[in-house]
Structures are given as structure tokens and as C-alpha cells.
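Take a look at the letters that make up each chain.
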Amino acid sequence: MGKNNHRKPVSRRSALGLIGAGAGVIAAGTALPTKFAIGAQAKIKVGTLLPYSGTYTWLGESITNSLELAFANAGGKLGGREIDLIKVDSEAKPPKAAELTNKLINQEKVDIIVGPVHSGVAMAMAKIAREEGTLTVIPNAGADQVTGPLCSPNIFRTSFSNWQPGHPMGKVLAEEGKKKVVLCYWGYGAGKQSAQGFKDGFMGGGGEIVKEIAVPFPKVEFQAALTEIASLKPEAVYVFFAGGGAVKFVKDWAAAGLKDKIELVGPGFLTEGVTKAQGAAAEGIRTTLHYADTLDNPANRAYRAAYKKAYGKEADVYGVQGFDAGQLIQAGVGAVRGDVAAMGDMVKAMEGAVIDSPRGQWVLSSAHNPVQNFYLRRVKNGVNEVVRLAEENLADPATGCRA
Ligand code: PHB
């Protein structure tokens, strides 16, 4: 266990107030050992708040595996300090989020939080992280608010806003002249905001949303929705489901005989990490996402090979986001040579980082959300293949962020 007991505790608030002071300490710290020079012997504590049980388990594991891969690539150290990784199961349950976040910050005394996957968990977590000033890197949860009205200097996201992957899918269907679309999603923040992104891309081309069907998270009883969709006979259905729910929906869709009648589309989560379990039912499904298995760049080839070697399975977008969380943390902690109390300098280094990601290079917006390409993909032999670029350098509108 890493111990910070050599070090006089510095409150996060005062750390934030002393922007730049840490760097000064390093520069001046030649004669006498400074507080940080002693603290540098301690391990740096990184706490994950991710789902290791429930419908999003695959996502949490993929992120954690890849975060560990990124840390291993950095020699197992951040800014010269060894890493103590503390894993907490969020269970993807928003009511538990505040307590678990407080536990990581106040009991475990982590330096950095990596999480969560679920937007409801993110809402509770971000409010606390903002108050406490704890450096937080979100490797999945897309809650628009976190890089909108709740944006904060100490909160970063390496994934997407929920709006982002929906927008290009709406644009693609509008360009193809589709007119009648049904939306079906888990009825919480992520599903609703994903649907809004789709609508923003789709509307204006004369198209119509015939119906919106919400299924309570994390329920996977889809029969009533499928019966309704079959009777509405739209040209396409845009859905938001992921993990275990995506496996079940895609299989139920095929079993209900809808696969050859109505086009099923969604943000890429519908077919990420799950095509093996979905089998033939996934073949041909088109989605839009900031990643595809077949993206042809050196970082993607190296990452996928390393992931397969380490874990014996194929990588996916969740892993890419976790890997990039590790890279972004490395950029920040490396710049302050491990002195995480130098929050201002660390944040500045992270804001300026160009991440050499398996998805292609990306940078952060001023709201701390990736500005990135979105691809139209299609499943072929269980692989999410790139069809074409759907939207280039797409930034979230970040409405309400005053950072
Ligand atoms: C979310 O809750 O923000 C979320 C969960 C799973 C995904 C994408 C977004 O695949």
C-alpha cells in the first residue's frame, strides 16, 4: 500500500489555490529537501470507480486493463513515482456514487480518480470532485453536463460527450434521405442525450422522429418495445444500449425477425466489445463512433496487439478510452515530476497534451472533452470496420461551460 504519511496533508482547495507553486518548489529545491522531495518517495494513488459487476462489467474491465497497459508502457511509474491502483466497484449504480467517491477521496486519499462508465454515477462524482478539487479523468461516462455546466479545471474526459456519437449517425441517415425514425434507449441521461445528439444531426433534413421508447436502466426486457416498433414500421431505429444490454437487444431484434425489415443503427456502443456474444445477429449493423477496430494507424496496431497479448481478447473503444486516460495522466503527472500538489501546472500540461491515441491523435476542447473524428462503421465477421469518416474534428457544444 502506498502511504502518504511522510507528507503533511495539503488540502485540495489550497493546492488549487497555489497554482504554479509546486513547480517553483522543484526549481528551488536544491539545498534543503523540500516537502515534495520527501513525498516523492511515496506511491502515487490512483483510484478507479468503475463497474466490475452488472451489465457494464465488460466496460469497466476493458478500461482497467488498458489503464494498466498504459501505466506499464510508462515503466510502471508516473513522474518517477510508483503507482498504487485502488479499484472500487461502482456497480453502475448512481445512488452509491457519492459514498464511493467520498471513500476514494477521504479514506483512501487518492491523488487521482479514474471513472466512471455510467452517466448517473458521473453526475454525483463530478459534483464532489469539483468541490474537493481532486484530479479526475473520466474514461467513458458521457454525461453532457460534466463538460458543460459542471465543467471544472480538475475534471477531464478521454471518451466523448453523449451528444457526440449520436450527431454523426443522425447526419448520415439525413443525408441518405431517411424520413421516419424511431428512437429506443435506456431512459437515463446517456440514452436521452445520445438521442438528442441524433436528433440534432437528423432534423432539418425533413425527417421525422415517429416515436421515442425509453426502457428503464438496466432492464433488458425488450419485447414490448420490439412489438411497438414492428407495428410502427419506421425506416430505421436508433438505439442506445451497451454491454450486456446491447448483446440482448441485438439478439432479440434478430429473433423478432426485424433484422431484414428495418435498419437498426446506434452509437457504436451497440456493437463494441460484444460482437462475439451477439454472433450473426450483429452482422451488417452500422453505427457511428470515435473508434473502429480497423483504424489503420501505428498506435492502433501497437495497442491492439499489446492488449491481445496481455489479456487474450480483442480490444474495444472502452479500452482505448482507458488507455488514453493513462496517457493523459502521464502527461500531467510527468510535467510536474510527480508533484501532484502542483495542480495548476499539471492541469496546464494536460490541457496542452496531444494524445497519440489508437483512435488517431486528438486534443481537448477548452471544456476538457476530446475534439475527435467520428467514423461510420459496419460489422463484418464480428469486426467493427470503418466505412468512412462521418464527421471530422467534432467538438461537443459544451453549452454552459464557463471554464
Ligand atoms: C454512459 O452512461 O454515459 C454510458 C454508458 C455506456 C456507454 C456509453 C455511455 O457505452
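What counts and what doesn't
- Residues numbered from 1 in each chain as written.
- Predicted model: local features only at pLDDT ≥ 70, side-chain atom pairs only at ≥ 80, totals over all residues.
- Heavy atoms only, no water.
- 1 Å grid on protein atoms, 1.4 Å probe; cavity = no way out; pocket = protein on both sides within 12 Å on 5 of 7 lines; lining within 4 Å.
- Points joined across faces, edges and corners; volume = space filled by probe spheres on them.
- Nonpolar A, V, L, I, M, F, W, Y, C, P; charged D, E, K, R; others polar.
- Domains from an automatic or database assignment.
- Helix = DSSP H or I, 4+ residues; strand = E, 2+ residues; numbered from the N terminus.
- Expected span 1.5 Å × (residues − 1).
- Buried < 20%, exposed > 50% of the residue type's maximum accessible area, 1.4 Å probe, protein only.
- Contact = heavy atoms within 4.5 Å.

Turning next to empty space enclosed by the protein. Tallied over the entire structure, the rule returns 1 cavity of 30 Å³ or more. Around the largest cavity, the lining comprises 16 residues; the ones closest to its centre are Y56, V117, N140, Y188 and F240. Among the residues forming the lining of the largest cavity, the class breakdown is 11 nonpolar, 5 polar and no charged. Counting residues domain by domain, the lining of the largest cavity receives three or more from each of domain 1 (12–160 + 294–368) and domain 2 (163–289).

Its 14 residues give helix α8 (residues 189–202) an end-to-end C-alpha distance of 20 Å, which sits within 8% of 20 Å, the value for a rise of 1.5 Å per residue. Counting buried residues in α8 gives 10 out of 14 residues, a clear majority hidden from the surface. Tucked into the core, α8 has its buried residues touching α6 (119–132), α7 (163–175), β7 (180–186), β8 (208–215), β9 (236–240) and β10 (263–267). G204 sits one or two residues past α8 and shows a positive phi near 100 degrees.

Mapped onto the elements, T64 comes out in helix α4 (residues 57–73). With near-sequence residues (within four places) excluded, T64 lies in contact with L50, Y52 and K87.

Space inside the second largest pocket adds up to approximately 320 Å³. Every residue lining the second largest pocket is counted, 17 residues in all, and those nearest its centre are G273, T275, K276, E314 and G382. Contributions of two or more residues to the lining of the second largest pocket are made by α11 (275–278) and β14 (383–394). Of the residues that constitute the lining of the second largest pocket, the class distribution is 4 nonpolar, 6 polar and 7 charged.

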